[in-house]
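Here is what each chain is made of, one letter per residue.
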Amino acid sequence: MSNVRLHDKTFRPFIEYDKIEEAIDRVAARINEDYQGSKDAPVLLCVLNGSILFTAELMKRLTFKCEIVCIKLTSYVGIKSTGEVRDVIGMTGSVEGKRVIIVEDIVDSGRTIENLVRIMEANGATETKICTMLMKPGCYKLDKKLDYVAMEIPDDFIVGFGLDYDGLGRNIKDIYVLDSDMKYYILFGPPGAGKGTQAAGMAERFNLCHISTGDLLRGEMAKGSELGLKAKALIEAGELVPDEIVEGMIENKFDTVKDVSGFLLDGFPRTIAQAEALDRMLAKKGESVSGVVSLMIPDEMIKERIKHRAAIEGRADDASDETISNRIKTYHDKTEPLVDYYKKAGAYNEIDGTGTIDEVRDRIALLMERI
Ligand code: AMP
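So, here is what we can say about the structure in this document. (Residues numbered from 1 in each chain as written. Predicted model: local features only at pLDDT ≥ 70, side-chain atom pairs only at ≥ 80, totals over all residues. Heavy atoms only, no water.)

Section: the sheet that holds strand S11 (residues 183–188)
Threshold: Here, any two strands with at least 2 DSSP bridges between them count as paired. To qualify as a helix, a DSSP run of H or I must reach at least 4 residues; to qualify as a strand, a run of E must reach at least 2; elements of each kind are numbered from the N terminus. All axes here are fitted lines through C-alpha atoms, helices being fitted over the stretch that makes contact, and every angle between N-to-C directions spans 0 to 180 degrees. Note on definitions: a residue-residue contact is assigned when non-hydrogen atoms from the two residues lie within 4.5 Å.
An order of S12-S13-S11-S14-S15 is seen for the five strands of this open sheet, with the pairing classed as parallel. Edge positions in the sheet fall to strand S12 (208–212) and strand S15 (348–352), since each of these pairs with one other strand and no more. Ignoring which end each strand starts from, the neighbouring axes of this sheet average 20° apart. Of the pairings in the sheet, the one linking S12 to strand S13 (residues 262–266) comprises five bridges and is parallel in character. Residue pairing for S13: His-210 is matched across the bridge by Leu-264. Sheet strands in contact with helix H4 (residues 195–205) are S11, S12, S13 and strand S14 (291–296), and its direction is about 170° off that of S13. Its contacts with the sheet put helix H12 (residues 357–370) on S11, S12, S13, S14 and S15, and the angle it makes with S15 is roughly 160°.

Next up, the structure:
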């Protein structure tokens, strides 16, 4: 399966046809169990256009007597549900005195479902159950429990198997998800490699939000916050602050910063546990690390560069030889294992961090353009 392009957007493979069929088998089996032996012929209410394929596939698998009625509501346009109540355009049959199973392709906020249940009641249905191929638990706002859910998905925009993007994509038999254009870069390297120096320029050049956990922690220290006080002693000893603290800072930025093309992480992750937490945070958004840009310099140069910076910036953790040595040790012990972690993930890219600031900047920019 490769990416598909519809109008102005690219979609990547998400759920293969086989998996969709298996999920429909399972949901149909549950419906058969509940309706087996019933004397009436319940109505499947196919909500056009999206649930055409799902309704057809579901119906083939049902083993009790049933009817079908199609309903068409006013549609929403584009890639976001507006959350507005949609009006009925038409219904192809009566539900008066009948049990109804609403068959939806996808349920997000649940507004349409709420509306449909009301419409069924107003049209004399004796009972209304809801069956959906897909649901987004993260978006669902109603208390009402859905009766039959074939698959749960995160809050992503999807197409295929009946679902469309402005009219196109319904005929694709697999389900595809909108491919995000967001980039998540990690600027990696030992202390003093020049990450901070280069990050600001790269963030501006690629419209990224630069997150430096070191800067954020120093900000907290300057404010004298509880978090800052907790971090101070550790930072000044050249130790790492606890994973949960920095992970919380990163997640907060991901959730609040808008209107950027991505993020440039500087000084995070610094441990395998942080890298795993980052993977989990991104997976929740349907994203992953786009690439690691690793700035490498030899150990002798680390000390030289930090001493030079100490003279300019006056950072407390640059001041003593002991702290610097401990930071280098912490880097080798806890952070360097990330090289293998990201090599295994196929995301690792190393560049030579020696040379002038301009030379290193050009190497980084060239690499980031390729990622
Ligand atoms: P930096 O400015 O990136 O050199 O960070 C300065 C100090 O802040 C580090 O030596 C750590 O004590 C702390 N720090 C920054 N980022 C992290 C992180 N991801 N995990 C743990 N501690 C961190």
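Examining the environment of Ala-200
This is how the line gets drawn: In this scheme, a residue with accessible area under 20% of its type's maximum is buried, one over 50% is exposed, and one in between is partly exposed, where area comes from a 1.4 Å probe on protein chains only.
Relative to the assigned elements, Ala-200 resides in helix H4. Here Ala-200 falls in the partly exposed class, since its relative accessible area comes to 44%. In this structure, the C-alpha to C-alpha distance between Ala-200 and Thr-10, residues 190 residues apart in sequence, is 30 Å.

Points about the site of the ligand
To keep things clear, this is the line we draw: Each residue is tested against the molecule or strand, and it is near if at least one of its non-hydrogen atoms lies within 4 Å. Here a polar contact is taken to be a pair of N or O atoms separated by no more than 3.5 Å, where protein atoms must pair a possible hydrogen donor with a possible acceptor and residues adjacent in sequence count only if both atoms sit in side chains. Accessible surface area values rest on a Shrake-Rupley calculation with a 1.4 Å probe, where residue burial reflects the displayed protein chains alone. Amino acid classes used here: Ala, Val, Leu, Ile, Met, Phe, Trp, Tyr, Cys and Pro are nonpolar; Asp, Glu, Lys and Arg are charged; the rest, including Gly, are polar.
In the vicinity of the ligand, 16 residues are found, and the nearest of them are Thr-213, Arg-218, Glu-239, Gly-267 and Gln-274. Glu-239 places a polar main-chain atom, nitrogen or oxygen, 2.5 Å from an oxygen atom of the ligand. Separating a nitrogen atom of the ligand from a side-chain N or O atom of Gln-274 is a distance of 2.9 Å. Relative to its unbound accessible surface of 470 Å², the ligand loses 96% to contact with the protein. For the shell around the ligand, the element with the highest residue contribution is helix H5 (residues 213–223), accounting for four residues. Considered class by class, the residues forming the shell around the ligand number six nonpolar, four polar and six charged.

Remarks on the pairing of strand S10 (residues 175–178)
In the sheet, strand S2 (residues 9–15) pairs with S10 via four bridges, with the strands oriented antiparallel. The partner of Pro-13 across the bridge, within S10, is Tyr-176. Of the pairings in the sheet, the one linking strand S9 (residues 158–159) to S10 comprises two bridges and is antiparallel in character. From the neighbouring strand, Val-159 faces S10, where its bridge partner is Tyr-176.

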